[in-house]
Amino acid sequence: MAGALVRLRAARWSRPALALVVAVLLVLLPLVSSPYVNYQVTTMAVFAVALLGLNVVMGYAGQVSLGQSAFIGIGAYVAGYGTTHGWPLLLTFLLCCLLPGVVGMLVALAAARLRGLALAMVTIALPIVGTPVAKRLSDVTGGSQGLTVSWLDPPSWVALADDQWRYYVVVAIAAVVFLLTRNLVRGRVGRSFAIVRDNEAVALSMGISPYRTKVLAFTLASTIGGASGFLYLAVVQYTSPETLSFGTSINLVVAMVIGGSGSIAGAVLGAVYYVLVPVLAGQLDASRTALLSGAFLLLVLFVLPGGLVSLPRRVQQLLTRRRRRSATPSDDPGDRTGTPVLTSDGRTP
Amino acid sequence: MKSVQHPRRLSGAVALIGVTALLVSGCTREEASTPSSSGTAEASPGITDTTVSLGISSPLSGATAGPGSCTVAGLDSFLEAKNAEGGFTFGDGKTRKVTLEYLDDAYDPAKAVANFRQLVNKGIFAYVGALGTPTNAAVMPIANQQEVPQVLLTAGAGEFSDDQQANPWTSGFVPTYTTEGAAFGKLLVDANQPITVATLVQNDDYGTGYLDGFQSAIEGSQVKVLDSATYEPTDTSVDGQVTQLAASKADVLLSAVSVTPLQVGVLTKAQSLGWKPRIFLPSNTSTPATVLQPGGAAAYPDVYTPSFAKTPASPAFANDPDVQAYNTAFEQYGSKITKTYTPHCAWSYAEGAVLGEAFSTMEEPTREAFMTSLRSISGFQAPLLLDGITIDTTKEDQAAVFTVNLVRYNGTGYEPVQGY
């Protein structure tokens, strides 16, 4: 009992301390690393935001969405259009969130009446329809050759290179989005998401409308997706119909599951996976990246079914088991009752 | 209990990110470029007195993996074979061996940019031969800003070649779609007789490029377009469009379909309707083994396609010394990267020779000197190019190859064609 109390206290101070360390690292990182590393870390921030949006609708509210890439694409196109037409930055950013949010809400108003696979099918339609539409609206989108922008150069009073400035802008916006979303999913809205995910009948009995909650979750997800589209354009400086492609959506879902669904940190880890694993696979053998990424996916799903976010818990679990085994060689089942923690794979440790 | 578990999980995850960030930041920024040991001009990154390093990012996985892998395999075959002979002779009198770093971008622009930056970070001298319009379009502004050569691209869109003033560090290699369409039109016009045509093109700027080239070539001639249809690359079937076009009973079908299964569908559907026009196929969907044989192309009076390179597997070229050299080199080096042949393997092999030609007149080990040499090649007969086709990089609005020959399917492979 005393041990648990110590651990509780340790957790209390170690968490802000760690957050501080990470924050300092994130601030210092671009100053010492190469433009390539900055680009990769900034890309991670972009996809972390996209995954966060997906996490809201899939992880927290439990609704399948295979259309997240469409919202990134819309956000990126709005940002591209705004940039080429000289709109103020803030207005562009707001529209990047608003327009995908409205599209997401309109789709959700119809789609949220469905469940499971039927819902998945409706959301698939977004990238499938979005890609050819983006190609067709070539006046706005630049057709299949895409939209190239030269944007977000550091202002003259800042002595930073392009990549460093973009890093700070993107990471700062991403941090704000994460903070807002974290507060949201921990509050009343987050609790209603969880109830709708677990049992719609219970939600109804508590006066929570599952339909409205689902629409809200979709709208939030697409708004956050739009924000990540804005960030995408800031980093890549280019967007094309490929951004909306269905393949991106699927890869995002995979990354979300690998990072850890229904978890804020999971979204970050998923983004690290999304960006880093193809690079590492490319270092091993560039002509077999898909195979190696697939092998890694299977490995994670076998060893860490709760995603990368469950890694520390998993390691601790294994350590405790070993310690306990060495302490009490006669495997005493009564000892287990003291740890009523359910692991992600549903078994007690 | 949950309140105890949750922070611990979060802090653990945060710790993990911290470790990752530390690992990533291990590679610190280096501003210094590779110092040159000799010469008047300071050497650009990626080139020493004995080596040059090149980089390429192409789709090596996903739907475009076949052509993408070939752009690496063919180039690597040429470079490695030349290295084995001792290396490339440069205009400054030195002999250097060339290394090729290749990465997979899966046709994703964001990954292509990441790969480009990674390659530049590793210190490549030039970025060569990459396949894909969106991927190269995303890289182009960065390459031009950082003044890294992004040259001899395997992309049929005009934008990489048609404004060399605006993008002095970028150049295309293969003929544009407009060039291909124009070649078809010219063949029909040269026949000097009334010919009716039906067209089927992809509903985007690729298709428009094809159609523009074709229409400007037939303008004012006896060639008439009776009916046109478009399709989406995501379509699963073009039977409806083929049925519509068959009603026109046109003499010629221009089937600018770039998706392999759909092109096979066009060939099988038209003959099942009893419509057997002469068929024009674009170069990227005209491989006999994957399109013509499954589509039963032998049923049509003629199947034409534009071509500028010899098909190494064709019996017609079995005794050609270039083809034999290619086959030996590909067997030894390229087959490690891909075993499936697409025309891109032959193209990128020829591209290796163009690089060699540029190296041979490059008098200083700098990127500027390389671009100058590369932009002043004309009348160069690269290996594997068809007779009559030469490399000319001096035109300010054209790719390195801007002429194509039309070839005709003879039941097994392609042979040169002398007219309609």
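Residues numbered from 1 in each chain as written. Chains lettered and ligands numbered in written order. Predicted model: local features only at pLDDT ≥ 70, side-chain atom pairs only at ≥ 80, totals over all residues. Heavy atoms only, no water.

**Digging into the overall build of chain A**
So, point 1. Looking only at helices and strands, one finds 14 helices and two strands in chain A.
So, point 2. Computed over its C-alpha atoms, the radius of gyration of chain A comes to 22 Å, within 12% of the 20 Å expected for a compact globule of 349 residues.
So, point 3. Projected onto its principal axes, the C-alpha coordinates of chain A cover approximately 75 × 55 × 40 Å.
So, point 4. Across the 349 residues in chain A, those meeting the buried criterion constitute 50%.
So, point 5. Pairs at least 24 apart in sequence give 74% of the contacts found in chain A among residues at least 6 apart.
So, point 6. Accessible surface, chain A: about 16100 Å² in total, of which carbon and sulfur atoms supply 69%.
So, point 7. When the 26 positive and 12 negative side-chain charges of chain A are each reduced to one mean point, those points stand 10 Å apart. (Helix = DSSP H or I, 4+ residues; strand = E, 2+ residues; numbered from the N terminus. Rg over C-alpha atoms; globule rule 2.2 N^0.38 Å. Buried < 20%, exposed > 50% of the residue type's maximum accessible area, 1.4 Å probe, protein only. Contact = heavy atoms within 4.5 Å. Areas by Shrake-Rupley, 256 points an atom, 1.4 Å probe, with all protein chains shown as cover. Lys, Arg positive; Asp, Glu negative; His and termini not counted. Charge placed at Lys NZ, Arg CZ, Asp CG, Glu CD.)

**Thoughts on the environment of T289 of chain A**
So, point 1. Here T289 of chain A shows up in helix α13 (residues 289–303).
So, point 2. Residue T289 of chain A is classed as buried on the basis of its relative accessible area of 5%.
So, point 3. On a C-alpha basis, the gap between T289 of chain A and P278 of chain A in space is 6.1 Å, while along the polypeptide they are 11 residues apart.
So, point 4. Not counting the four nearest positions on each side in its chain, T289 of chain A is found in contact with P278, A281 and G282 of chain A together with S61 and D104 of chain B.

**Focus: a negative patch on the surface**
So, point 1. A cluster of acidic residues, E147, E363, E364 and E368 of chain B, forms a negative patch at the surface.
So, point 2. Mapped onto the secondary structure, E364 of chain B falls in the loop between α11 (343–360) and α12 (367–374). (Patch = residues over 30% accessible without salt bridge, like charges linked within 9 Å, V, L, I, M, F, W, Y side chains within 5 Å. Salt bridge = Lys/Arg side-chain N within 4 Å of Asp/Glu carboxyl O.)

**Notes on the pattern of salt bridges**
So, point 1. Applying the stated criterion to the full structure yields 14 salt bridges over all chains.
So, point 2. When the shortest N-O distance is used, the salt bridge between R278 of chain B and D302 of chain B registers 2.9 Å. Here R278 of chain B is found in strand β10 (residues 278–280), whereas its partner D302 of chain B is found in the loop between α9 (288–295) and β11 (303–307), with 24 residues between them in sequence.
So, point 3. A single network of salt bridges, built from pairs that share partners, joins R115, E200 and K214 of chain A.

**Some words on the confidence of the model for chain B**
Residues and elements named next belong to chain B.
So, point 1. For chain B, per-residue confidence averages 87 on the pLDDT scale, and residues scoring 70 or more make up 90% of the total.
So, point 2. Mean pLDDT across the elements of chain B ranges from a minimum in helix α1 (residues 2–24), with 52, to a maximum in strand β4 (residues 126–128), with 97.
So, point 3. Contacts for the low-pLDDT stretch residues 1–7, under 50 throughout, to residues beyond four places or in other chains number six contacts.
So, point 4. In the model, residues 24–39 has pLDDT below 50 throughout and makes 30 contacts with residues more than four positions away in sequence or in other chains. (pLDDT = per-residue confidence, 0-100.)

**A closer look at the confidence of the model for chain A**
So, point 1. Here chain A averages 88 in pLDDT, while 91% of its residues score no lower than 70.
So, point 2. In this model residues 330–349 of chain A is a low-confidence stretch, pLDDT under 50, and it forms 20 contacts with partners more than four residues away in sequence or in other chains.

**Structural notes on the nonpolar core**
The nonpolar side chains of soluble globular proteins are, as a tendency, buried together.
So, point 1. Ranked by internal contacts, the top residues of the largest apolar core, which has 191 residues, are L54, F173, L292, V354, F370 and I391 of chain B.
So, point 2. If you tally residues by element for this core, the top one is helix α2 (residues 35–60) of chain A, at 18 residues.
So, point 3. When residues are assigned to domains, this core turns out to be shared by domain 1 (51–175 + 317–402) and domain 2 (178–307) of chain B, each giving three or more.
So, point 4. If sequence neighbours within four positions are ignored, I391 of chain B has contacts with F173, V354, I377, S378, G379, F380, A382, L385, A400 and V401 of chain B.
So, point 5. Judged by nonpolar contacts, the second largest core, of 21 residues, contains L188, I195, L211 and I218 of chain B. (Core = buried A, V, L, I, M, F, W, Y, C linked by side-chain atoms within 4.5 Å. Domains from an automatic or database assignment.)

**Thoughts on unusual backbone geometry**
So, point 1. Backbone geometry places L152 of chain A, a non-glycine residue, at a positive phi of 65°.
So, point 2. Within the secondary structure, L152 of chain A is located in the loop between β1 (147–148) and α7 (162–186).
So, point 3. By relative accessible area, L152 of chain A is classed as buried at 11%.
So, point 4. The phi dihedral of E147 of chain B falls on the positive side, at around 60°, and the residue is not glycine.

**What about the sheet that holds strand β9 (residues 252–256) of chain B?**
Residue and element names in this part refer to chain B.
So, point 1. Strand order in this open sheet of seven strands is β8-β7-β9-β10-β11-β14-β15, and the pairing throughout is mixed. Two strands in the sheet have a free side with no partner beyond their single neighbour: β8 (223–231) and β15 (414–416). Ignoring strand direction, the axes of neighbouring strands in this sheet form an average angle of 30°.
So, point 2. Summarising the sheet, β9 and β10 pair through three bridges and their orientation is parallel. Of the residues in β10, the one forming a bridge with V252 is R278.
So, point 3. Most of the contacts of helix α7 (residues 239–246) go to β8, to which it runs at about 160°, and overall it touches β7 (195–202), β8 and β9. (Pairing = 2+ DSSP bridges. Axes fitted to C-alpha atoms, helices over the stretch in contact; angles between N-to-C directions.)

**Concerning the packing of α7 of chain A against helix α12 (residues 264–284) of chain A**
Residue and element names in this part refer to chain A.
So, point 1. Contact pair α7 / α12: the axes reach a minimum separation of 10 Å and the direction vectors enclose 140°. Accordingly, the angle class assigned to the pair α7 and α12 is oblique. Where α7 approaches α12, its residues F178, T181, R182 and V185 are matched on the opposing element by I264, A267 and V268.
So, point 2. In terms of residue class, the contact of α7 with α12 is made up of five nonpolar, one polar and one charged. (Parallel < 35°, antiparallel > 145°, perpendicular 65-115°, else oblique. Nonpolar A, V, L, I, M, F, W, Y, C, P; charged D, E, K, R; others polar.)

**As for the packing of aromatic side chains**
So, point 1. Per the stated rule, a full pass over the model turns up 25 aromatic pairs over all chains.
So, point 2. When the ring of Y167 of chain A is compared with that of Y168 of chain A, the centres are 5.5 Å apart and the planes differ by 85°; the resulting orientation is edge-to-face.
So, point 3. Relative accessible area serves as the criterion here: at 24%, Y168 of chain A is assigned to the partly exposed category.
So, point 4. Aromatic side chains F359 of chain B and F370 of chain B sit 5.7 Å apart centroid to centroid with 40° between the ring planes, which places their arrangement in the tilted category. Of this pair, F359 of chain B sits in helix α11 while F370 of chain B sits in helix α12, and the two are 11 residues apart along the sequence. F370 of chain B shares its class with F359 of chain B; the two are buried.
So, point 5. An aromatic cluster is defined as three or more aromatic residues linked by ring pairs; in this entry it consists of F78, F88, F90, F125, Y326, F330, Y349, F359 and F370 of chain B.
So, point 6. We note R96 of chain B situated over the ring of F90 of chain B; from NZ or CZ to the ring centre the distance is 4.7 Å. (Phe/Tyr/Trp six-rings, centres within 6.5 Å; stacked < 30°, edge-to-face > 60°. Lys NZ or Arg CZ within 6 Å of the ring centre and 35° of its normal.)

**With respect to the state of the cysteines**
Residue and element names in this part refer to chain B.
So, point 1. Counting across every chain of the model gives one disulfide over all chains.
So, point 2. For C70, the disulfide goes to C345, at an S-S distance of 1.7 Å. Residues C70 and C345 are joined through a disulfide that is left-handed, its torsion about the S-S bond being -75°. Taken together, the positions of C70 in helix α2 (residues 65–84) and C345 in helix α11 put the pair 275 residues apart, joining distant regions of the chain. (Disulfide = S-S within 2.5 Å.)

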